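Letter by letter, the chains look like this.
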Amino acid sequence: MEAPPVTVMPVTGGTINMMEYLLQGSVLDQSLESLLHRLRGLCDNMEPESFADHELVYLLKGQQGNPFLLRARRSLLHPTAPWHLRYLGQPEVGDKSRHALVRNCVDVAASHSLPEFLNEMGFRMDHEFVAKGQVFRKGMMKVVVSKLSRVLVPGNTENMEPLSLSYLVELSVLAPAGQDTVSEDMRSFAEQLKPLVHLEKIDPKRLM
């Protein structure tokens, strides 16, 4: 399994190779409504998007080094929509001048036979989960508030249980490499969400 953080981004877009700038935090269930109210006031004047996605994480073990990891995701709200295949590169966390974690992100749309294709390529499904929540937007920034649930019976998204008593909160921007000024905008926005949620640049090595 890839070291956290796990990005929970709804199924959108496709066929891009960008850098993802990311801050993460969590909010307890009982504080959710206060956070949503704050986000409605701070974000663009449009209704947040609701989503419910099923994600399967696949590993391909090589002869040496860390296994290669891909994420396959499908929308439970729109079953006929394409699947999405997502690759997330190793986070660049060493640069202290950046206020956000930065990593390469490749996202492509795929057909519904994606799981079978990955199995034939030698990948093994490591784990799966369901993410349900809302997406808010502020210019280039995206705020995803989601509840993560583990799937108890493989492939059965009706049989699951919450992973925790909190919601994952992610603030992210997709931008070409070198656009590091966006991390300053993200830091300023994150400050406005305190003390409801503290969004941080998470070093995955700290969590291993």
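Since we're looking at a predicted model, the values are computed, not measured.

The rules behind these values
- Residues numbered from 1 in each chain as written.
- Predicted model: local features only at pLDDT ≥ 70, side-chain atom pairs only at ≥ 80, totals over all residues.
- Heavy atoms only, no water.
- Phe/Tyr/Trp six-rings, centres within 6.5 Å; stacked < 30°, edge-to-face > 60°.
- Helix = DSSP H or I, 4+ residues; strand = E, 2+ residues; numbered from the N terminus.
- Buried < 20%, exposed > 50% of the residue type's maximum accessible area, 1.4 Å probe, protein only.
- Lys NZ or Arg CZ within 6 Å of the ring centre and 35° of its normal.
- Polar contact = N/O pair within 3.5 Å; in protein donor to acceptor, adjacent residues only side chain to side chain.
- Pairing = 2+ DSSP bridges.

(A) Expanded view of the packing of aromatic side chains. Taken as a whole and assessed by the stated rule, the structure comprises two aromatic pairs. Aromatic side chains Phe68 and Tyr87 sit 5.4 Å apart centroid to centroid with 15 degrees between the ring planes, which places their arrangement in the stacked category. Taken together, the positions of Phe68 in strand S3 (residues 68-75) and Tyr87 in strand S4 (residues 83-88) put the pair 19 residues apart, joining distant regions of the chain. Owing to a relative accessible area of 39%, Phe68 belongs among the partly exposed residues under this scheme. Centre to centre, the rings of Phe68 and Phe123 are 6.2 Å apart; their planes meet at 55 degrees, and the pair counts as tilted. Taken as a pair, Phe68 in strand S3 and Phe123 in the loop between helix H2 (114-120) and strand S6 (124-138) lie far apart in primary sequence, 55 residues in all. Just above the ring of Tyr167 sits the side chain of Lys147; from NZ or CZ to the centre is 4.7 Å.

(B) Inspection of the side chain of Arg71 at higher detail. Its location among the elements puts Arg71 in strand S3. Of the residues examined, Arg71 reaches a relative accessible area of 3% and is grouped as buried. Within the structure, Arg71 has its side chain in polar contact with the side chain of Glu55 (distance 2.9 Å).

(C) Quick peek at the pairing of strand S9 (residues 166-175). Burial of S9 is extensive: nine of the 10 residues sit out of reach of the surface. Relative to S9, strand S7 (residues 141-153) runs antiparallel, the two sharing five bridges. Across the sheet, the residue bridging to Lys142 is Ser172, located in S9.

None of the figures reported here should be taken as evidence of function without further support.
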